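What follows is the residue order along each chain.
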Amino acid sequence: MKTPLKMTVATAVAALLLTTAGLADAAPTTAPEPTAPEPTATSTTQEPTEAADPTATATEQPTEEPTQPAAAPAQAKARAVEEPPAAPAAPAPAPAAAPRVAAAPSGYQAPIEAVFQAHKAVLGAPLSVEFQGQNNTTVVRFANGVIIKNNETNRAYAVYGAIYGTYGSLGWEGGRLGRPTSSEEAGGVAGSRVTRFENGVIVWSPRTGASALYGAILQTYQSLGGEAGVLGLPTSSEFTAGRGARAVNFQRGVILWTPATGAQPVYGAIFSTYGAHRFERGVLGLPRTGEVAGARGSRVQTYENGQIIWSPGTGAHAVYGSIGVAYASLGGPGGVMSLPTTSEFAGRGGARVTRFVNGIIVWKPATGAFGVRGAILGEYARQGYEGGTLGAPIGDETPVDGGWTQDFERGRISLVNGRFSIVRPGPSVDARCRTGRVLCISKSDRKMRWMIDGQVVREFDARFGSTKTPTREGTFSVQRKVRDEWSWLYNSPMPFSLYFSGGQAVHYSSDFAARGYAGASHGCVNIRDYAGLQWLYDTQVRVGDRVVVYW
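Residues numbered from 1 in each chain as written. Predicted model: local features only at pLDDT ≥ 70, side-chain atom pairs only at ≥ 80, totals over all residues. Heavy atoms only, no water.

A look at the overall build of the chain
Along the backbone of the chain there are 9 helices and 33 strands. Out of the 551 residues belonging to the chain, those deemed buried represent 49%. About 24700 Å² of surface is accessible on the chain, with carbon and sulfur atoms providing 55% of the total. (Helix = DSSP H or I, 4+ residues; strand = E, 2+ residues; numbered from the N terminus. Buried < 20%, exposed > 50% of the residue type's maximum accessible area, 1.4 Å probe, protein only. Areas by Shrake-Rupley, 256 points an atom, 1.4 Å probe, with all protein chains shown as cover.)

Structure follows, in structure tokens:
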């Protein structure tokens, strides 16, 4: 019996296609590894969030919106934090092995056929028949993209162009993003295009290229308005940044994520100041909060080691380290210093200085950080600030009858009844304090001064015992040091204890810090400056140094 002509032609065409060089032989037998992938999640990478079910139906109509080209032109991306160097561009890998046989027209399942008809101009020529993909999908490959059908929902979507390449680098339908839940659609700003997936999105524009967002970073991005929000379009996919963080760069900012801090955005003028301090690798560290409203119309963002504070009148400035601790003790943005007008800068004599609306805070390694403000600041300025004859402040200003006083390295400024006076070489101290290394403790002005060879190195507010449990007076020496002491008699902590007379010691008092001079010690010398006493305990006072307690 003769073979029908129709069967002969079909057989010949199939044989020709299967033996054509570069087609059948080129088909991979397994899904190849992605070329130059973005870092993928490990046990320390943020968890992806579940994407909402899309509203797109399985049968799509051709869109009149312009679509991205098959290969987006290379663009320079503005970097917020350091990214890994880009690898040379390479074709996206195939989603799975499949025979490279072109399907006959109208030869696909209904949902795939409808998507193919809507996007055939951008997908290009078919490169495979339908085949089983990963994650319970059916897949058809094309020259410029892929159609993936979710077998559970019987919905199919197209992924193509530069978005197709980024999707492939993350493992296709079996990877981080999961299965598509939309074909490409217009994004939130003119010229942007978005494809949505079960666990994230890929956003493309001609200027920024195609970038993937997922997990907690995507949630934070969407909470800020997405592409039309304060951050703008993404300029990178997620990558590993400094301090173990995961990051995505955007046109106007960055989002950084760690398990401890969550996903926190940095943008606007605060972002610029953060960059000037080397982002997460610098002195501020990682952001612990987003930007929030602060006192006096400010916006405040808190980091591991400090804050950046912005207002329309003062700009954005960083406050951190010992100056940040002193600023917080003075009330922060709502306190006596008000808002910062500079970030920290180098002063004279090894000092570091930050300026505020109502004063300055000066820090030196030997003296710590203290603020100078108000009328005393005016006199301090006339004396040359920290580089002048007085040096750096060694304590906060103290109220006295009719005014205020403040001690500095080489003198005391007093403002009493509207008149200034300067006493040199500093506060009047007992003669026994003027030689050697000594904790000079004055009951009359309630101060403890750490002095070396007659010079006041640092000054502390001090509180003493009551009439029933007085602090002994006289000349003693430091007998022992106990860092984490506990009073079993009074059931209270005594950090950084420096014992000088039996059970009496210089130590930090949380009660003194909270209630001031309203209370009293049980014979010890209470100090309320925790950081300052820690510095004294760790770096200065030795067993055997003298202690002088006097009126």
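A closer look at the packing of aromatic side chains
Evaluated as defined, the whole model comprises 19 aromatic pairs. Ring geometry for tyrosine 380 against tyrosine 385: centres 5.9 Å apart, planes inclined by 80 degrees, an arrangement best described as edge-to-face. Tyrosine 380 sits in the buried class, given a relative accessible area of 0%. Geometrically, the ring pair formed by phenylalanine 512 and tyrosine 517 is edge-to-face, given 5.1 Å between the ring centres and 65 degrees between the ring planes. Assessed through its relative accessible area of 0%, phenylalanine 512 is described here as buried. Through a chain of ring-to-ring contacts, the aromatic side chains of Tyr164, Tyr167, Trp172 and Phe197 assemble into a single cluster. The side chain of arginine 355 reaches across the aromatic face of tyrosine 385, ending 5.3 Å from its centre. Here arginine 480 stacks its cationic end above the ring of tyrosine 499, 3.9 Å away from the centre of that ring. (Phe/Tyr/Trp six-rings, centres within 6.5 Å; stacked < 30°, edge-to-face > 60°. Lys NZ or Arg CZ within 6 Å of the ring centre and 35° of its normal.)

Some remarks on the sheet that holds strand β22 (residues 403-408)
Taking strand neighbours across the sheet as the criterion, the 4 strands line up as β21-β22-β23-β24 in an open arrangement whose pairing is antiparallel. The two strands at the open ends of the sheet, each matched to only one other strand, are β21 (398-400) and β24 (419-423). Recorded for the sheet is a direction-independent mean angle of 25 degrees between the axes of neighbouring strands. (Pairing = 2+ DSSP bridges. Axes fitted to C-alpha atoms, helices over the stretch in contact; angles between N-to-C directions.)

Description of the environment of alanine 505
Note that alanine 505 resides in strand β31 (residues 504-508). By relative accessible area, which is 0% here, alanine 505 ends up buried. For alanine 505 and arginine 480, which are 25 residues apart along the polypeptide, the C-alpha to C-alpha distance reads 9.3 Å. Ignoring sequence-local partners within four residues, the contact set of alanine 505 consists of Ser497, Leu498, Tyr499, Phe500, Cys524 and Val525. (Contact = heavy atoms within 4.5 Å.)

Here we look at empty space enclosed by the protein
Applying the stated rule across the entire model yields 1 cavity of 30 Å³ or more. Along its surface, the largest cavity is lined by Pro425, Gly426, Pro427, Val429, Arg434, Met451, Gly454 and Val456. Of the residues that constitute the lining of the largest cavity, the class distribution is 5 nonpolar, 2 polar and 1 charged. (1 Å grid on protein atoms, 1.4 Å probe; cavity = no way out; pocket = protein on both sides within 12 Å on 5 of 7 lines; lining within 4 Å. Points joined across faces, edges and corners; volume = space filled by probe spheres on them. Nonpolar A, V, L, I, M, F, W, Y, C, P; charged D, E, K, R; others polar.)

Re the pattern of salt bridges
Within this structure, the stated rule accounts for 26 salt bridges. With its nearest N and O atoms 2.8 Å apart, the salt bridge here joins glutamate 198 to arginine 179. Of this pair, glutamate 198 sits in the loop between β6 (193-197) and β7 (200-205) while arginine 179 sits in the loop between α3 (161-169) and β5 (185-186), and the two are 19 residues apart along the sequence. Considered together, glutamate 198 and arginine 179 belong to a single accessibility category, that of buried residues. (Salt bridge = Lys/Arg side-chain N within 4 Å of Asp/Glu carboxyl O.)

Re the nonpolar core
Of all hydrophobic cores here, the largest spans 24 residues; its most connected members are Leu439, Met448, Val506 and Leu536. Looking at this core, the elements that each hand over two or more residues are β25 (437-442), β26 (447-452), β27 (455-463), β30 (492-501), β31, β32 (525-527), α9 (530-539) and β33 (546-550). Counting residues per element, this core draws most heavily on α9, which supplies 4 residues. Here leucine 439 is in contact with Met448, Arg449, Trp450, Val478, Leu498, Leu536, Val541, Arg546, Val547 and Val548, once residues within four sequence places are set aside. (Core = buried A, V, L, I, M, F, W, Y, C linked by side-chain atoms within 4.5 Å.)

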